[in-house]
Each structure stands twice: as structure tokens, then as C-alpha cells.
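Given next are the chains, with one letter for each unit.
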Amino acid sequence: MSEASAPAVDITVPHSARVWNYWLGGKDHYPVDREFGDRLYELLPEIVQIARQARAFLGRAVTHLAGEVGIRQFLDIGTGLPTADNTHEVAQRIAPDSRIVYVDHDPLVLLHARALLVSAPEGVTNYVDADVREPKKILQAARETLDFTQPIGLIMLGIMGNVADLDEAYAIVRELHDALPTGSYLVFKDGTYAVMGEERADSIHDLHAHEKFPYHMRTPEQVARFLDGFELVEPGLVSTPLWRPNPAAEPPVAIDDLCGVGRKP
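Residues numbered from 1 in each chain as written. Predicted model: local features only at pLDDT ≥ 70, side-chain atom pairs only at ≥ 80, totals over all residues. Heavy atoms only, no water.

J.: Help me get a handle on the pattern of salt bridges, residues and values and all.
T.: Think of it this way: side chains of opposite charge can pair up when their charged atoms draw near. With the rule as written, the count across this model stands at seven salt bridges. Across the salt bridge formed by Glu68 and Arg244, the nearest N and O atoms sit 4.0 Å from each other. One end of the pair, Glu68, is in helix α3 (residues 47–69); the other, Arg244, is in the loop between β7 (238–239) and β8 (257–263), and 176 residues separate them in sequence. (Salt bridge = Lys/Arg side-chain N within 4 Å of Asp/Glu carboxyl O. Helix = DSSP H or I, 4+ residues; strand = E, 2+ residues; numbered from the N terminus.)

Have a look at this one:
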């Protein structure tokens, strides 16, 4: 993509990918992102742990799929800014021929993805500039890289909370589910307020209200419905630190982030 055709990065409103990069200790954020990140941190100090645990869950889940299951194709929607142990890095350490398609719609993510999300020579890494609300566009573009007759690992971490209408959110995941071949997997996580309670959740939702795409935390029951049509692998739907934790790590404690990995029968 040339500089002339590159979309402008809007630095007047916070963007979730840049805010998460700030919490993860990255460098790709602007004052508006840091200001929002700090305000949310005041309401939810555990947000930094949530961000880091989400990244750790991604690594464990991709390791399971690429290693134990043998998945060689991944569709990662809502990629965010590249950090350490991106999906292709984890998968291609195990299987260098793995093929990965990343999907995001933030211009800054696009610029970094082109430069940093570089595949191993034996595999393929491509990037699709699309919004999660455009499943048909995502699937059409992904088919240029991925073989939809073979199992695919679909990754959707924290992205569906950006879709306000719950019925629309479920319909998006159903459309993606229906396009996946048998033996594919969904790696999913989204924020909840089971630990913090409704009062603090209301304050956080009020803070998000002025964003372009405000984040909506769901109840555990609502998060569970996103995995309808998939057979959950052990340990089922749990808080991110509790999904197959490293035995050498400190005993994990539940946080307001639910995750699960499911197989399409």
C-alpha cells in the first residue's frame, strides 16, 4: 500500500487496539489512547492483567491447536497491534508451514502488520483490512490464502464486545461457524462483569459510551452462546488464567474475561 492510498490514522479518539498496546507496554499509541487507558485503569486496575492474560491464553490455545490437534491454518479476527508471540509466530514455531490470515480495520494496525507480521519461509501470513461486522468480506478474502476444505483455527479474542447489538454479534459468529469445515476450532474470549459486579460495570460502560465502537461486557451466559455449535474442549468456558495454565506458574485467579476453545463437529 502506498503512502498516498494509506488511510489516515485518527488520533482524536481512542482506539481499542492502541489502548491495549499501551496496557501491554507497547509503543504504538497516542495521548488520547493513554488518557482513556488511564481513566479505565482507575475504574478497573485489573485491566492490565486482563490484557496480559488474554495474550497468554492466545499463546496456549494456538500451541494446543498447532501442536496437539495439528491445525495448520488460522484466521485471526481483531488482531490488534503486533506484539510478542503473535499467532503466526506461535503456530510456525511448531509447524513452519502454517498459514495465517490476520483481520483488523485500524489503519495503524494495517501499517504495522505489513511490516511486522512476516511469515516463516515455509508458511504464509496475510492481512485483511476489514471490520468484524463484514463476515462475507472477511471470508472471501481469507479464501485467497486458506483452504476451506481443511480445518481452520478461528480466533476471536475480545472483538465481539465491540458489537453493541447482541443478536448481530451472534449472527456474525454463526456465519463464520457455518463457513468453517468440520474439524475446525474457535478460540474465543470476551469480557464479563461476573467478578466486578454490575455497579462497577455500569461505570465502565459509561466511560466507553463516547467511543466510536464502545466495548460491551456480557454476562457469562451471553458469552457462552457465542460458542453454540462448537464442542468445548477441556476445561470448557473459564476465566482466561484458568484455561490450561502453566503448571509452573503461580495458582491462577479468576478475572473478568471468559474464554473457551471449541471444535466444530
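What follows picks up the thread again.
J.: So what about the environment of Gly183? Which residues, and what values?
T.: Along the chain, the position of Gly183 falls in the loop between α7 (166–179) and β5 (185–191). Gly183 gets classed as buried once you look at its relative accessible area, which sits at 9%. Each C-alpha atom of the pair Gly183 and Met156 lies 17 Å from the other, and the pair is 27 residues apart in sequence. Apart from residues lying up to four places away in sequence, Gly183 is in contact with Ile71, Pro151, Arg263 and Lys264. (Buried < 20%, exposed > 50% of the residue type's maximum accessible area, 1.4 Å probe, protein only. Contact = heavy atoms within 4.5 Å.)

J.: Give me the pairing of strand β1 (residues 73–77): which residues, what numbers.
T.: Along β1, five of the five residues are buried, which leaves the element largely enclosed by surrounding structure. The side-chain alternation of β1 yields two buried faces, one formed by Gln73, Leu75 and Ile77 and the other by Phe74 and Asp76. Pairing geometry for β1 and strand β2 (residues 99–104), over five bridges, is parallel. Opposite Gln73, over in β2, you have Arg99 as the bridge partner. Each parallel crossover has a hand, and for β1 linked through helix α4 (residues 87–94) to β2 it is right-handed. In terms of strand pairing, β1 meets strand β4 (residues 153–157) through four bridges, oriented parallel. Looking across to β4, one finds that Asp76 is bridged to Ile155. (Pairing = 2+ DSSP bridges. Right-handed = clockwise from strand over helix to strand, strands pointing away.)

J.: Would you mind going over the environment of Leu110 in detail, with residue names and values included?
T.: Relative to the assigned elements, Leu110 resides in helix α5 (residues 107–116). It is 9.2 Å that separates the C-alpha atoms of Leu110 and Gly80, two residues lying 30 residues apart in sequence.

J.: Got a sec to walk through the nonpolar core? Specific residues and values, please.
T.: What tends to happen in soluble globular proteins is that the nonpolar side chains get buried as a cluster. One finds Leu75, Met156 and Met160 to be the most contacted residues of the largest nonpolar core, which totals 33 residues. Contributing elements (two or more residues each) for this core: β1, β2, α6 (135–142), β4, α7 and β5. Filtering out sequence-adjacent residues up to four positions away, Leu75 remains in contact with Val101, Val103, Ile138, Ala142, Leu146, Ile152, Gly153, Leu154 and Ile155. Counting 29 residues, the second-largest nonpolar core is a separate cluster that includes Ala66, Ile71, Leu81 and Val109. (Core = buried A, V, L, I, M, F, W, Y, C linked by side-chain atoms within 4.5 Å.)

J.: Which residues make up the side chain of Thr87, and what values do they have?
T.: Of note, Thr87 is situated in helix α4. A distance of 2.7 Å separates a polar atom in the side chain of Thr87 from a polar atom in the side chain of Asp76. Excluding residues that lie within four positions of it along the chain, Thr87 makes contacts with Leu58, Val62, Phe74, Asp76, Ile100, Tyr102 and Ile155. (Polar contact = N/O pair within 3.5 Å; in protein donor to acceptor, adjacent residues only side chain to side chain.)

J.: Explain helix α2 (residues 31–43) to me, and be specific about the residues and the numbers.
T.: Over its 13 residues, α2 extends 19 Å from the first C-alpha to the last, a length consistent with the 18 Å expected when each residue adds 1.5 Å. Residues Val32, Asp33, Phe36, Gly37 and Leu40 constitute the buried set of α2. Projected down its long axis, α2 carries its buried residues within an arc of 130°, all on one side. Exposed side of α2, more than 90 degrees from the buried face: Pro31, Glu35 and Glu42 are the residues found there. (Expected span 1.5 Å × (residues − 1). Arc of directions from axis to C-beta.)

J.: A description of the packing of helix α1 (residues 16–23) against α2 should follow, citing residues and the corresponding values.
T.: In contact at an axis separation of 9 Å, α1 and α2 are set at 65° when each is read in the N-to-C sense. Compared by their axis directions, α1 and α2 come out roughly perpendicular. The handedness of the crossing between α1 and α2 comes out as right-handed. Residues Arg18, Val19, Tyr22 and Trp23 of α1 pack against Val32, Asp33, Arg34, Phe36, Gly37, Asp38 and Leu40 of α2. Classifying every residue of the contact of α1 with α2 by side-chain character gives six nonpolar, one polar and four charged. (Axes fitted to C-alpha atoms, helices over the stretch in contact; angles between N-to-C directions. Parallel < 35°, antiparallel > 145°, perpendicular 65-115°, else oblique. Left-handed = near helix turned anticlockwise from the far one by under 90°. Nonpolar A, V, L, I, M, F, W, Y, C, P; charged D, E, K, R; others polar.)

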